[in-house]
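Listed below, chain by chain, are the residues.
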Amino acid sequence: EEILVEYSFDQIGEHTGWLKSVRKKKVSIIIPKKGEKLNLVEVSKRNAELLLGEIRLKKAKRKELVVKPILHLQDDLGMEISPIRIEAFDNSNIHGSNPVAGMVTFINGKPKKSEYRKFHIKTVKGIDDFASMHEVVSRRYSRQIKENKALPDLILIDGGKGQLSAAKSALDSLGLGYITIVGLAKRLEEVYKPGVSDPQNISKTSPGLYLLRKIRDEVHRYAITFHRKIRDKSMMKSIFDDISGMGPKRVKKLWDSFKTFKDIQNSTKEEIHLKTGFPIKISEQILIVSK
């Protein structure tokens, strides 16, 4: 029935009328000058100040938990928030064959390997790093939006202005243009922002730049390792197909059981038999062919 406020303000009458329409009963806005109601306002004010202090303390503690390279990176890039969650992308292909991409996630400066992701390029024909980057970024974040999952504070693209522009275009098309995105060019280790022709003025000794390089190197390693695995499978698939009794399902089973072609070479026929369940004769032929 009554709302007590510390000071008078404009349009009290209009506010009172609106509150009455909402409550369906009379509401009074009162500025008490003395007595119990004034005491109630003062208690409310003190409680609000205490709550505000607690909120500020929590924010300060959170900032203390953020590692220094993250704070340096925030300053280097002029970001309003600390880039706690960073996701990075890199494409990998050789002469356009078996094009793939990798994405790594770092949280508070440390890799979160359970959130690494691999991508087969599906819509791009031939060698087109820009179109491939657009596809991968679009697929990643359209899915995150659909599944209501976490979005990054910062996106790092392993590449120069072209790859960065393609990734930015994908973000914009999804309504995610507000997410900070940068590219780290390989040759001069320079950081670029979308729409800015010159690299960012970041000290080469900055802990923030060192962190970006670390993340870039990790996503490059991850993408190229994935590409080599796919390439090895592609190269050796026809050889294993020629073995009698080795259909597509058994070829897949073989690659599910061994991470690399070298692992197959270093095995025995008995180990292949135990891991795959293949007959010993087929396991022996696999070993012979792989040598």
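Procedures and definitions
Residues numbered from 1 in each chain as written. Predicted model: local features only at pLDDT ≥ 70, side-chain atom pairs only at ≥ 80, totals over all residues. Heavy atoms only, no water. Helix = DSSP H or I, 4+ residues; strand = E, 2+ residues; numbered from the N terminus. Rg over C-alpha atoms; globule rule 2.2 N^0.38 Å. Buried < 20%, exposed > 50% of the residue type's maximum accessible area, 1.4 Å probe, protein only. Contact = heavy atoms within 4.5 Å. Areas by Shrake-Rupley, 256 points an atom, 1.4 Å probe, with all protein chains shown as cover. Lys, Arg positive; Asp, Glu negative; His and termini not counted. Charge placed at Lys NZ, Arg CZ, Asp CG, Glu CD. Core = buried A, V, L, I, M, F, W, Y, C linked by side-chain atoms within 4.5 Å. Axes fitted to C-alpha atoms, helices over the stretch in contact; angles between N-to-C directions. Left-handed = near helix turned anticlockwise from the far one by under 90°. Nonpolar A, V, L, I, M, F, W, Y, C, P; charged D, E, K, R; others polar. Expected span 1.5 Å × (residues − 1). Phe/Tyr/Trp six-rings, centres within 6.5 Å; stacked < 30°, edge-to-face > 60°.

Re the overall build of the chain
Working step 1: Of regular secondary structure, the chain possesses 10 helices and nine strands.
Working step 2: A compact globule built from 291 residues should have a C-alpha radius of gyration of about 19 Å, whereas the chain, at 30 Å, is more than 25% larger.
Working step 3: Taking the principal axes of its C-alpha atoms as reference, the chain extends roughly 100 × 45 × 35 Å.
Working step 4: A burial count over the chain gives 36% of its 291 residues as buried.
Working step 5: For the chain, restricting intrachain contacts to residue pairs at least 6 apart in sequence, the fraction spanning at least 24 positions comes to 56%.
Working step 6: Working note: accessible area of the chain is about 17900 Å², and carbon and sulfur atoms make up 53% of it.
Working step 7: Measuring between centres, the 55 positive side-chain charges of the chain sit 4 Å from its 36 negative side-chain charges.

Focus: the nonpolar core
The tendency in soluble globular proteins is for nonpolar side chains to be buried side by side.
Working step 1: Grouped together as the largest cluster of nonpolar side chains are 23 residues, with contacts concentrated most on L77, V104, L154, V191 and I215.
Working step 2: Elements that contribute at least two residues to this core include exactly α3 (68–77), β3 (85–94), β4 (97–107), β7 (154–158), β8 (180–184) and α6 (207–241).
Working step 3: Broken down by element, the residue count for this core peaks at six residues, all from α6.
Working step 4: One finds I155, L164, A167 and A170 within the second-largest nonpolar core, a separate group that totals 22 residues.

Some words on the packing of helix α4 (residues 129–146) against helix α5 (residues 161–173)
To characterise two packed helices, one gives the angle between the axes of the helices and the distance between these axes.
Working step 1: Packing of α4 against α5 brings their axes to within 8 Å, and their N-to-C directions diverge by 35°. Judged by the twist between their axes, the crossing of α4 over α5 is right-handed. Here α4 contributes D129, F130, M133, H134, V137, S138 and Y141 to the contact with α5, which in turn contributes G162, Q163, A166, A167, S169, A170 and L171.
Working step 2: The class makeup of the residues in the contact of α4 with α5 is eight nonpolar, five polar and one charged.

So, α5
One turn of an α-helix holds 3.6 residues; hence residues three or four places apart share an orientation.
Working step 1: Its 13 residues place the ends of α5 18 Å apart at the C-alpha level, agreeing with the 18 Å of an ideal helix rising 1.5 Å per residue.
Working step 2: Buried within α5 are the following residues: Q163, L164, A166, A167, K168, A170 and L171.
Working step 3: After α5 finishes, the residue G175 shows a positive phi value of roughly 75°.

Thoughts on the packing of aromatic side chains
Working step 1: One pass over the full model with this rule turns up two aromatic pairs.
Working step 2: Look at F89 and Y141: their rings are 5.9 Å apart centre to centre, the planes differ by 70°, and that puts the pair in the edge-to-face class. One end of the pair, F89, is in strand β3; the other, Y141, is in helix α4, with 52 residues separating them in the sequence. In this structure, F89 and Y141 share a single accessibility class: buried.
Working step 3: Their ring planes at 75° and their centres at 5.0 Å tell us that Y116 and Y222 sit as a pair that is edge-to-face. Taken together, the residues Y116 in the loop between β5 (110–111) and β6 (117–120) and Y222 in helix α6 connect sequence positions 106 residues apart. For the pair formed by Y116 and Y222, the shared burial category is buried.

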